Amino acid sequence: MEIENNSPEFRNECECPSKQTDPRERVLRQIRRTREFPAISKYISEINKKLQDTSVHGSATELANVILKDYALTNKLLKLVNSAFYGLAAGKVTTVTRAVVLLGYDNVRMAAISLVLFEHFKSRTAEKDLKDEILRSFWCGLLAKEIAKTCHGLDLEEAFICGLLNRLGKLLAIYHMDHDYRKIQYQVVQKGENEDQAAKRILGMAYHSLGMVMAREWNFPESICDTLATVSRDDLKDARSRIDPLKAITAFSVSVGRIIMTVKPARHKAAIEKLLKRYKHYISLSFRQIRTMMADCLDNIFIHADALQLDVEQSLFLSQFRGETGEETDVEKRGTTASPSQDPAAAYQLVGEADLKAAALPMSSQSAVEIIMGGIQELSNSMVDRFDLNDIALMSLEVLYRALDCNRAILFINDRQNNVLQARFGYGTGIQAITGKVEFELISSEDLFSQAIAAGKDLVVEDTHDPALYPLIPDWYRNSIDARAFVFLPVIYKQICVGALYADMESTGAPVNALEHRYLSMLRNQVVLAIKMGR
């Protein structure tokens, strides 16, 4: 089901790029202003600069001094160097200098850059898309390296880094320009637009262009930067106008990754054989040889999962590769990655009392349930004598916060004079910037909060960044809270929403299970009872 939203504001926001005349500068400013970016940018640039200075090229101590500035990176690099990936026969390597001597300057430099990039992007692990792009990029780098072994004169580590960096632009967009990325995904998933076209309109440049811009910003060699550009069919047709073999191998590896994500496993062979014909002037391999390389690279992913701390358990890319999900995605014709549900109704739940009573309840989260049950009992005891309604409401909020171990819990109160629901009290991350400042009007609307209040049901959202939900999440929420998952429990008395309990999580997934939700509903009903008794 396609979301219909014809408001001029939403249409303009999704379809119009910034009015800045230079999209490159606009995008770079947006990335540079994020808190984590200056550190990684300086670090990668410093490592790459060593290669350009011929006086220190090959100097183990020069590169080691750069890497040793970061204690965590040093440990991870040594762990990687001693893994099966390099298979050193000289015994355990305990110093970066020794690693450079044994493996060579370029090998260690590339390994260090890879780790820096992985650590940077992994710091926002809640992003499902980001996790999958990291794994997919790593696998493409491994495949490019394997193919490069069959081509005379190519540097294997350079081939790996080219495959790894090819989707750098999309990784940067997900991490540093989350709002723009979600608009692009909305256009791709809901409107059927090509990913590159959507990115070009919204960012002012396609993902591959963004990757090239940043690679040059980080002082990567021009030979690597050039491989980030797209390869057209016309580029491959004429053997006389040959492109750089490294660029061809990189493009081929990325295309194989795209086939894995967008084509049924049963059709992989036909799609890859067709791709091999297109790259016949550059890659003289059979499907069986490529398939063996693909499997070896998959094995390497799992071998390196520990050293690189890769999350392989929930990866859609890896499950597609292993054929565990045989469904053909709707994006196959558009040549982009699989995306969340297209049906908004599948991306959230409105749950009422009858639904909770009828649900089959799992016997899990006993500690959370015990906290809620203890809180309900404490509320009941407090209500035996004279009580302050605000105290009951705050006690309920604390129980919610402790039971779910959530990122943030907020108590909304109805300001009848202004007909708004205002965030009055709260616990958790950044709550000072929310309480007393965030509010929304109690008017008829199509957004999720208004739907929940109008229906008198609880709202459970597992991923607010699902493109299908984009038009249904109101601006006030995006601009002030913008958590990935949340539960919203309206407090309804005499058909009026007098308040609401709210809790959110930093990561995607169900914020509550059925058992927890049922007891939270009882907790909210205790607040309603307190309102009745206090009147």
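Remember, predicted model here, so these are calculated numbers, not experimental data.

1. Topic: the overall build of the chain
Thinking step 1. Along its length, the chain carries 25 helices and 7 strands.
Thinking step 2. For the chain, buried positions account for 53% of its 535 residues.
Thinking step 3. Sequence-distant contacts, at least 24 apart, represent 67% of the contacts inside the chain between residues at least 6 apart.
Thinking step 4. Counting only carbon and sulfur atoms, one obtains 48% of the accessible surface of the chain, whose full area is about 24,200 Å².

2. Some thoughts on the sheet that holds strand β6 (residues 485-493)
Thinking step 1. Strands sit in the order β1-β5-β6-β7-β2-β3-β4 across an open sheet of 7 strands; the sheet is antiparallel. In this open sheet, the two edge strands, each paired with only one partner strand, are β1 (348-351) and β4 (439-441). Going from strand to strand, the sheet's axes swing by 20° on average, the running direction of each strand aside.
Thinking step 2. Two elements, strand β2 (residues 408-415) and strand β7 (residues 496-505), share 6 bridges in a ladder whose sense is antiparallel. Looking at β7, one finds that Ala409 is bridged to Ala503.

3. Section: the pairing of β6
Thinking step 1. Across the 9 residues of β6, 8 count as buried, placing the element largely inside the fold.
Thinking step 2. The pairing of strand β5 (residues 458-461) with β6 spans 3 bridges and is classified as antiparallel. Across the sheet, the residue bridging to Val460 is Val487, located in β6.
Thinking step 3. Joining the antiparallel neighbours β6 and β7 is a turn of 2 residues, in which Lys494 adopts a positive phi near 55°.

4. Some words on the nonpolar core
Thinking step 1. With 85 residues, the main nonpolar core has Trp139 and Phe220 as its most contacted residues.
Thinking step 2. The element contributing the most residues to this core is helix α8 (residues 128-148), with 11 residues.
Thinking step 3. Every residue in contact with Trp139, bar those within four places of it in the chain, is listed here: Ser253, Val256, Gly257, Ile260, Met294, Cys297, Leu298, Ile301, Phe317 and Phe321.

5. Some thoughts on the packing of aromatic side chains
Thinking step 1. Enumeration according to the criterion identifies 19 aromatic pairs in this entry.
Thinking step 2. With a centroid separation of 5.9 Å and 40° between ring planes, the pair formed by Tyr186 and Tyr470 is classed as tilted. You can see Tyr186 sitting in helix α11 (residues 178-191) and its partner Tyr470 sitting in the loop between β5 and α24 (475-480), a full 284 residues away along the chain.
Thinking step 3. You can call Tyr470 buried: its relative accessible area is 6%.
Thinking step 4. Above the face of the Tyr470 ring, Arg478 is positioned so that its terminal group lies 5.5 Å from the ring centre.

6. Regarding the pairing of β2
Thinking step 1. Of all 8 residues making up β2, 7 are buried, and the element is well covered by its neighbours.
Thinking step 2. Here 8 bridges tie β2 to strand β3 (residues 420-428), and the two strands are oriented antiparallel to one another. When the bridges of β3 are listed, Ala409 appears paired with Tyr427.
Thinking step 3. Hairpin remark: β2 followed by β3, antiparallel, with 4 residues in the connecting loop; positive phi at Asn419, about 55°.

7. Brief notes about the side chain of Arg484
Thinking step 1. Counting through the fold element by element, Arg484 comes out in the loop between α24 and β6.
Thinking step 2. One polar contact links Arg484 to Asp463, side chain to side chain, over a distance of 2.6 Å.
Thinking step 3. Within the local environment of Arg484, its side chain forms a polar contact with the side chain of His465, the two groups lying 3.2 Å apart.

8. Structural notes on the confidence of the model for the chain
Thinking step 1. Overall, the prediction assigns the chain a mean pLDDT of 78, with 73% of residues at 70 or greater.
Thinking step 2. Between residues 54-58, whose pLDDT stays under 50, and residues either more than four places distant or in other chains, the model counts 8 contacts.
Thinking step 3. Low confidence marks residues 324-340, where pLDDT is under 50. Its contacts with residues over four positions away, or in another chain, come to 46 contacts.

9. Quick word on the pattern of salt bridges
Thinking step 1. Overall, the coordinates contain 14 salt bridges when judged by the stated rule.
Thinking step 2. The salt bridge involving Glu222 is made with Arg216; its shortest N-O contact spans 2.5 Å.
Thinking step 3. Taking relative accessible area as the criterion, Arg216 reaches 38% and is therefore assigned partly exposed.

10. Looking at helix α9 (residues 156-165)
Thinking step 1. Counting buried positions over the 10 residues of α9 gives 9, a clear majority of the element.
Thinking step 2. Within the sequence span of α9, burial applies to Glu157, Glu158, Ala159, Phe160, Ile161, Cys162, Gly163, Leu164 and Leu165.
Thinking step 3. For α9, the N-terminal cap is Asp155; the gap from its side-chain oxygen to the backbone nitrogen of Glu158 is 2.8 Å.

11. Quick look at the environment of Thr74
Thinking step 1. Mapped onto the elements of the fold, Thr74 is located in helix α5 (residues 71-81).
Thinking step 2. Among the residues examined, Thr74 registers a relative accessible area of 8% and is labelled buried.
Thinking step 3. Taking the C-alpha atoms as reference points, Thr74 and Ala112, 38 residues apart in sequence, are found 8.6 Å from one another.

12. Things to note about helix α23 (residues 448-455)
Thinking step 1. Three or more residues of α23 are buried, namely Leu448, Phe449, Ser450, Ala452 and Ile453.
Thinking step 2. If you check the start of α23, you find a side-chain oxygen 2.9 Å away from the backbone N of Phe449, and it comes from Asp447.
Thinking step 3. Gly456 sits one or two residues past α23 and shows a positive phi near 65°.

Scoring rules and cut-offs
- Residues numbered from 1 in each chain as written.
- Predicted model: local features only at pLDDT ≥ 70, side-chain atom pairs only at ≥ 80, totals over all residues.
- Heavy atoms only, no water.
- Helix = DSSP H or I, 4+ residues; strand = E, 2+ residues; numbered from the N terminus.
- Buried < 20%, exposed > 50% of the residue type's maximum accessible area, 1.4 Å probe, protein only.
- Contact = heavy atoms within 4.5 Å.
- Areas by Shrake-Rupley, 256 points an atom, 1.4 Å probe, with all protein chains shown as cover.
- Pairing = 2+ DSSP bridges.
- Axes fitted to C-alpha atoms, helices over the stretch in contact; angles between N-to-C directions.
- Core = buried A, V, L, I, M, F, W, Y, C linked by side-chain atoms within 4.5 Å.
- Phe/Tyr/Trp six-rings, centres within 6.5 Å; stacked < 30°, edge-to-face > 60°.
- Lys NZ or Arg CZ within 6 Å of the ring centre and 35° of its normal.
- Polar contact = N/O pair within 3.5 Å; in protein donor to acceptor, adjacent residues only side chain to side chain.
- pLDDT = per-residue confidence, 0-100.
- Salt bridge = Lys/Arg side-chain N within 4 Å of Asp/Glu carboxyl O.

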